[in-house]
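# Commentary on secondary and tertiary structure
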Amino acid sequence: MTLSRKRHARAARAAIAGVTMLIGVSGPLHAQGHPQTTPAITAPLSPSGPSTSEISSTTNPGLQATSPAPAPPVSSVSEPATGATQPPAGNAGASLLNPDPSPPHELSPWSMFMSADIVVQLVMIGLAFASLVTWTICIAKLAELSLARRALRAALNKIGDARSLAEAQMALGAREGVLASLLASAMHEARLSAGISSDAGIKERAASSFAEIVRAESRRIRLGMGLLATIGATSPFVGLFGTVWGIMNSFIGISKSQTTNLAVVAPGIAEALLATALGLVAAIPAVIIYNYFARVTRGYTELVGRASGAAGRLLSRDLDRTHGSLSSRAAE
């Protein structure tokens with residue numbers, strides 16, 4: 001009987017040591033966030049022997065005081081890991097949870113044009129068309145003036161050695177231009193004044209015809225420059241009108257929304273200022289191009305004056321030859 005008790009006591013000590021080791025291992029696992037349950041020992045070690053608690057109380061009374069406490073029950077809901085993302089507190093968290101549903105207002109030129117008032121849109125379209133007209137006139141006048149100056153210089157070089165109006169016309173051939181018109185006018189006046197002995201009157205009438213041709217050529221070569229001057233002078237004020245109209249609508253919107261938030265005010269003001277920007281885009285090139293063509297046309301007009309002088313000199317030579325031949329015939 002005593003031997004059986006000793007065996008039971010040894011078995012109880014071994015069981016208690018195993019339970020202690022299990023409790024010690026499961027503790028760190030709980031601390032690391034890996035819950036682990038420990039099975040409870042409810043059945044006796046043998047069907048005929050005493051329970052473990054009875055053996056421990058009888059054999060070692062101090063064992064109950066030193067045995068570790070049972071493991072705490074594991075909760076069915078696991079706690080969140082320490083590294084999990086927590087929602088920010090305060091206004092930042094509220095802004096993330098309840099974001100602003102209204103998207104930011106796009107302020108590109110096209111979006112501002114599409115969202116502008118109909119009056120401001122009409123102003124912008126008109127200014128864009130004015131800018132297109134300016135560059136069209138610029139390209140057309142550059143080509144026209146370049147060809148006209150080149151043709152007139154070549155014609156003047158051809159009649160440089162001509163002794164009469166007939167020779168000059170033969171040198172030019174069928175070419176059309178201002179110099180050909182001047183020579184034709186001189187020949188026409190000489191035929192109409194045949195038999196008139198006053199050379200001064202013929203030259204005066206020819207000079208009057210030359211002046212008309214020069215003025216007509218000046219008007220032709222300056223065609224379109226008045227439109228450039230108009231665009232350069234009025235485009236800034238047209239753009240300013242669009243700006244004033246847009247700002248007025250912005251203030252009306254502020255009064256209706258009853259807010260002075262910059263996000264509400266800025267789009268309308270930006271749309272209004274876009275009209276002024278387009279006005280300057282149309283006006284500045286128009287003024288620069290007008291001043292350039294004013295200098296170029298002045299130079300071309302001087303070249304036309306040279307052609308008028310060359311035709312007048314040829315007419316004067318023809319008149320002198322005519323009177324010289326008549327005088328020689330009268331002397332004979």
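Given the structure is predicted, the values throughout are model-derived calculations rather than measurements.

When you go through the protein chain residue by residue, the secondary structure sums to eleven helices and zero strands. For the protein chain, the sequential pattern of α-helices and β-strands runs α-α-α-α-α-α-α-α-α-α-α. Taking all 332 residues of the protein chain together, the buried fraction comes to 28%. The contacts in the protein chain between residues at least 6 apart in sequence include a share of 79% that link residues at least 24 apart. For the protein chain, the exposed area adds up to about 21500 Å²; of that, 63% sits on carbon and sulfur atoms.

What follows concerns the side chain of serine 164. When you line up the elements, serine 164 lands in the loop between α6 (118-158) and α7 (165-172). You can call serine 164 buried: its relative accessible area is 14%. Not counting residues within four places of it along the chain, the set of residues in contact with serine 164 comprises Leu314, Asp318 and Arg321.

In this section: the pattern of salt bridges. Where charged atoms from two side chains of opposite charge approach closely, those side chains can pair. All told, the structure shown has five salt bridges when counted by the stated rule. The closest approach of N and O atoms between glutamate 144 and arginine 220, which form a salt bridge, is 3.0 Å. Highlighted residues: glutamate 144 in helix α6 and arginine 220 in helix α9 (residues 199-221), separated in sequence by 76 residues. Judged by its relative accessible area of 24%, glutamate 144 falls in the partly exposed class. Taking the shortest distance from any N to any O, the salt bridge between arginine 321 and aspartate 318 comes out at 3.4 Å. Taken together, the residues arginine 321 and aspartate 318, both in helix α11 (residues 262-331) and three residues apart, mark about one turn of the helix. Here aspartate 318 falls in the buried class, since its relative accessible area comes to 18%. Salt bridges sharing partners connect three or more residues here, namely Lys141, Glu144, Glu217 and Arg220.

Let's shift gears to a nonpolar patch on the surface. Residues Ile118, Leu122 and Ile125 make up a contiguous nonpolar surface patch of roughly 310 Å² in combined accessible area. By the secondary structure assignment, isoleucine 118 is in helix α6.

Within this structure, the stated rule accounts for two aromatic pairs. Taken together, a centroid distance of 6.2 Å and an interplanar angle of 45 degrees make the contact between phenylalanine 241 and tryptophan 245 tilted. Of this pair, phenylalanine 241 and tryptophan 245 both sit in helix α10 (residues 225-257), four residues apart, roughly one helical turn.

A few words now on the nonpolar core. In this structure, Leu152, Leu156, Ile159, Leu179, Leu183 and Tyr300 are the most contacted members of the largest nonpolar core, which totals 42 residues. For this core, the secondary structure elements donating two or more residues are α6, α7, α8 (178-192), α9, α10 and α11. Among the elements that take part in this core, α11 stands out by supplying 14 residues, more than any other.

This part covers the environment of phenylalanine 251. Mapped onto the elements of the fold, phenylalanine 251 is located in helix α10. The sequence separation of phenylalanine 251 and glycine 268 amounts to 17 residues, and the corresponding C-alpha distance is 8.7 Å.

Bringing the environment of isoleucine 284 into the picture now. Structurally, isoleucine 284 is set in helix α11. Given a relative accessible area of 48%, isoleucine 284 falls into the partly exposed group. C-alpha of isoleucine 284 to C-alpha of serine 235: the two residues are 49 residues apart in sequence and 9.0 Å apart in space.

Okay, a positive patch on the surface next. Taken together, the side chains of Arg153, Arg306, Arg313 and Arg317 define a basic patch exposed on the protein surface. Top contributing element to the positive patch by residue count: α11, with three residues. Inspection of the secondary structure puts arginine 313 in helix α11. Judged by relative accessible area, arginine 313 falls into the partly exposed class, the value being 49%.

Let's shift gears to the environment of methionine 187. Within the element layout of this structure, methionine 187 appears in helix α8. Sequence separation between methionine 187 and aspartate 318 is 131 residues; the distance between their C-alpha atoms is 9.7 Å. In this structure, methionine 187 is in contact with Leu165, Ala166 and Gln169, ignoring residues within four places of it in sequence.

Glancing now at the confidence of the model for the protein chain. Chain-level pLDDT for the protein chain is 74 on average; 65% of the residues reach the 70-or-more range. In the model, residues 28-103 has pLDDT below 50 throughout and makes 37 contacts with residues more than four positions away in sequence or in other chains.

For α10, which comprises 33 residues, the first-to-last C-alpha distance of 48 Å matches the rise-based estimate of 48 Å (1.5 Å per residue) to within 8%. Bending of α10 peaks at approximately 40 degrees at the position of threonine 234, with proline proline 236 no more than four residues after it. Note on α10: the residue one or two positions beyond its end, glutamine 258, has a positive phi of about 55 degrees.

On to the packing of α8 against α9, then. To characterise two packed helices, one gives the angle between the axes of the helices and the distance between these axes. The contact between α8 and α9 brings their axes to 10 Å, and the two run at 155 degrees. With respect to α9, the axis of α8 lies roughly antiparallel. In terms of crossing hand, the pair formed by α8 and α9 is right-handed. On α9, the residues touching Val178, Ser181, Leu182, Ser185, Ala186 and Glu189 of α8 are Ile202, Arg205, Ala206, Ser209, Phe210, Ile213 and Glu217. For the contact of α8 with α9, a count of residues per class yields seven nonpolar, three polar and three charged.

Scoring rules and cut-offs
Residues numbered from 1 in each chain as written. Predicted model: local features only at pLDDT ≥ 70, side-chain atom pairs only at ≥ 80, totals over all residues. Heavy atoms only, no water. Helix = DSSP H or I, 4+ residues; strand = E, 2+ residues; numbered from the N terminus. Buried < 20%, exposed > 50% of the residue type's maximum accessible area, 1.4 Å probe, protein only. Contact = heavy atoms within 4.5 Å. Areas by Shrake-Rupley, 256 points an atom, 1.4 Å probe, with all protein chains shown as cover. Salt bridge = Lys/Arg side-chain N within 4 Å of Asp/Glu carboxyl O. Patch = residues over 30% accessible without salt bridge, like charges linked within 9 Å, V, L, I, M, F, W, Y side chains within 5 Å. Phe/Tyr/Trp six-rings, centres within 6.5 Å; stacked < 30°, edge-to-face > 60°. Core = buried A, V, L, I, M, F, W, Y, C linked by side-chain atoms within 4.5 Å. Lys, Arg positive; Asp, Glu negative; His and termini not counted. Charge placed at Lys NZ, Arg CZ, Asp CG, Glu CD. pLDDT = per-residue confidence, 0-100. Expected span 1.5 Å × (residues − 1). Bend = angle between axes of the 7 residues up to and from the residue. Axes fitted to C-alpha atoms, helices over the stretch in contact; angles between N-to-C directions. Parallel < 35°, antiparallel > 145°, perpendicular 65-115°, else oblique. Left-handed = near helix turned anticlockwise from the far one by under 90°. Nonpolar A, V, L, I, M, F, W, Y, C, P; charged D, E, K, R; others polar.

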